[in-house]
Amino acid sequence: MKSGYLTGRPGAAKTPSTQGDRAMGGTKRIAAGLLASLTLAGCITVNAPEEPIVIELNVNIRQEVIYRLAEDAGNTIEENADIF
Amino acid sequence: MGDKMTKRISKGLLTGIAVATAIGGLAAPAFAQRDPAYAAARSAGQVGEKMDGYLGIVVAETSDLRRLVNDINIKRRAVYAERAKANNATLEEYALTAGCQAIAATSPGEKYQAPDGSWQTRTSAPPIRDSRCP
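Remember, predicted model here, so these are calculated numbers, not experimental data.

1. Some points on the overall build of chain B
- Looking only at helices and strands, one finds four helices and four strands in chain B.
- Start at the N end of chain B and walk to the C end: the helices and strands fall as α-α-β-β-α-α-β-β.
- Burial statistics for chain B: of 134 residues in total, 27% are counted as buried.
- Considering only contacts in chain B between residues 6 or more positions apart, those separated by 24 or more positions represent 44%.

2. Details of the packing of helix 3 (residues 63-79) of chain A against helix 4 (residues 91-104) of chain B
- Taken N-terminus to C-terminus, the directions of helix 3 of chain A and helix 4 of chain B make an angle of 65°; their axes are 8 Å apart at the nearest point. Handedness of the helix 3 of chain A/helix 4 of chain B crossing: right-handed. Where helix 3 of chain A abuts helix 4 of chain B, its residues Val65(A), Ile66(A), Leu69(A), Ala70(A), Ala73(A), Gly74(A), Thr76(A) and Ile77(A) lie against Glu93(B), Tyr94(B), Leu96(B), Thr97(B), Ala98(B), Cys100(B), Gln101(B) and Ala102(B).
- Per-class residue counts for the contact of helix 3 of chain A with helix 4 of chain B are eleven nonpolar, four polar and one charged.

3. Things to note about the interface of chain A and chain B
- Facing the 20 residues of chain A at the interface are 26 residues of chain B.
- Of all the secondary-structure elements, those providing two or more residues to the side of chain A that touches chain B are helix 2 (54-59) and helix 3 of chain A.
- Broken down by element, the side of chain A that touches chain B gets its largest block of residues, twelve residues, from helix 3 of chain A.
- Classifying every residue of the side of chain A that touches chain B by side-chain character gives twelve nonpolar, five polar and three charged.

4. Examining the environment of Glu93(B)
- Assignment of secondary structure puts Glu93(B) in helix 4.
- In this structure the C-alpha to C-alpha distance between Glu93(B) and Tyr80(B), which are 13 residues apart in sequence, comes to 9.3 Å.
- Once residues within four sequence positions are removed from consideration, Glu93(B) is found in contact with Ile61(A), Val65(A), Leu69(A) and Ala84(B).

5. Examining the environment of Arg34(B)
- Position of Arg34(B) among the secondary structure elements: in the loop between helix 1 (2-26) and helix 2 (36-43).
- For Arg34(B), a count of 16 C-beta atoms within 10 Å corresponds to the partly exposed category.

6. Considerations on the nonpolar core
- One finds Ile66(A), Tyr94(B), Ala95(B) and Ala98(B) to be the most contacted residues of the largest nonpolar core, which totals 25 residues.
- Broken down by secondary-structure element, the contributors of at least two residues to this core are helix 3 of chain A together with helix 3 (63-86) and helix 4 of chain B.
- Sort the elements by how many residues they give to this core and helix 4 of chain B lands first, with seven residues.
- If we skip the residues at most four places from it in the chain, Ile66(A) touches Ile61(A), Leu96(B), Thr97(B), Cys100(B), Arg132(B), Cys133(B) and Pro134(B).

7. Some details on the sheet that holds strand 2 (residues 55-57) of chain B
Residue and element names in this part refer to chain B.
- Reading across from one edge, 2-1-3-4 is the order of the four strands in this open sheet, with mixed pairing throughout. At either end of the open sheet lies a strand with only one pairing partner, and these are strand 2 and strand 4 (119-121). Strand-to-strand twist of the sheet, defined as the mean angle between neighbouring strand axes without regard to direction, takes the value 40°.
- Where helix 3 meets the sheet, its contacts fall on strand 1 (47-49) and strand 2, and the angle it forms with strand 2 comes to roughly 170°.

8. So, the confidence of the model for chain A
All names here are of chain A.
- Scored by pLDDT, chain A has a mean of 68; 45% of the residues are at 70 or more.
- Of all helices and strands in chain A, the one with the weakest mean pLDDT is helix 1 (residues 2-43) (55), whereas helix 3 scores best (95).
- In the model, residues 1-21 has pLDDT below 50 throughout and makes zero contacts with residues more than four positions away in sequence or in other chains.

9. Thoughts on the confidence of the model for chain B
Residues and elements named next belong to chain B.
- Counting all residues, the mean pLDDT for chain B is 85, and 77% of those residues have values of 70 or more.
- Predicted confidence is poor over residues 16-27, with pLDDT under 50, and the contacts of this stretch with residues over four places away or in other chains come to zero contacts.
- Among the scores for the predicted complex, ipTM is 0.73 and pTM is 0.60.

Basis of the calculations
Residues numbered from 1 in each chain as written. Chains lettered and ligands numbered in written order. Predicted model: local features only at pLDDT ≥ 70, side-chain atom pairs only at ≥ 80, totals over all residues. Helix = DSSP H or I, 4+ residues; strand = E, 2+ residues; numbered from the N terminus. Buried ≥ 20, exposed ≤ 12 C-beta atoms within 10 Å, placed from the backbone. Contact = placed C-beta atoms within 7 Å. Axes fitted to C-alpha atoms, helices over the stretch in contact; angles between N-to-C directions. Left-handed = near helix turned anticlockwise from the far one by under 90°. Nonpolar A, V, L, I, M, F, W, Y, C, P; charged D, E, K, R; others polar. Core = buried A, V, L, I, M, F, W, Y, C linked by C-beta atoms within 7 Å. Pairing = 2+ DSSP bridges. pLDDT = per-residue confidence, 0-100.

Shown next as structure tokens:
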């Protein structure tokens, strides 16, 4: 009976209160995000990049692409040992 | 049981060797070696592996070195283009990945390009590579 009381009650009390918190947090977060974006929208000035043309090409290559190609590239180097 | 196992393994090994020899005999000579001039320039630190997957000149440029490096880079580019296409990737993506691997594969004493663009001499420690390298 004691254990029934213990398992029953926190569950009942917890569920609504957590949901309530989450709902509140969500609304708050959205409001905060909206406020932040509104504030920032007024501040950010977008300037056209002046120099990085060559570097940007490299930066745009993402790590996941490199990981995908890694094995094939390793084999290519081994198979073309005369030029590597 | 141990004997049986050994027999089976050696039989498999022999078959494997036979098959490999047969295929190797038919195919063009794979795993060709570096041209002596290239090998010499490489071990002397006159040329090094760049981050972008191509060979670079480390020392003062001479026409001989330029010719050697261009020759290799043209061949590399052709290979990269073919493999990039097969992997549905761009030439630059494939070349950069190959650069990661080529730098990793350098031997101590050889030159490679660090992410800051400087030439480094490979030691027994792992090379300094682009953070995106695998």
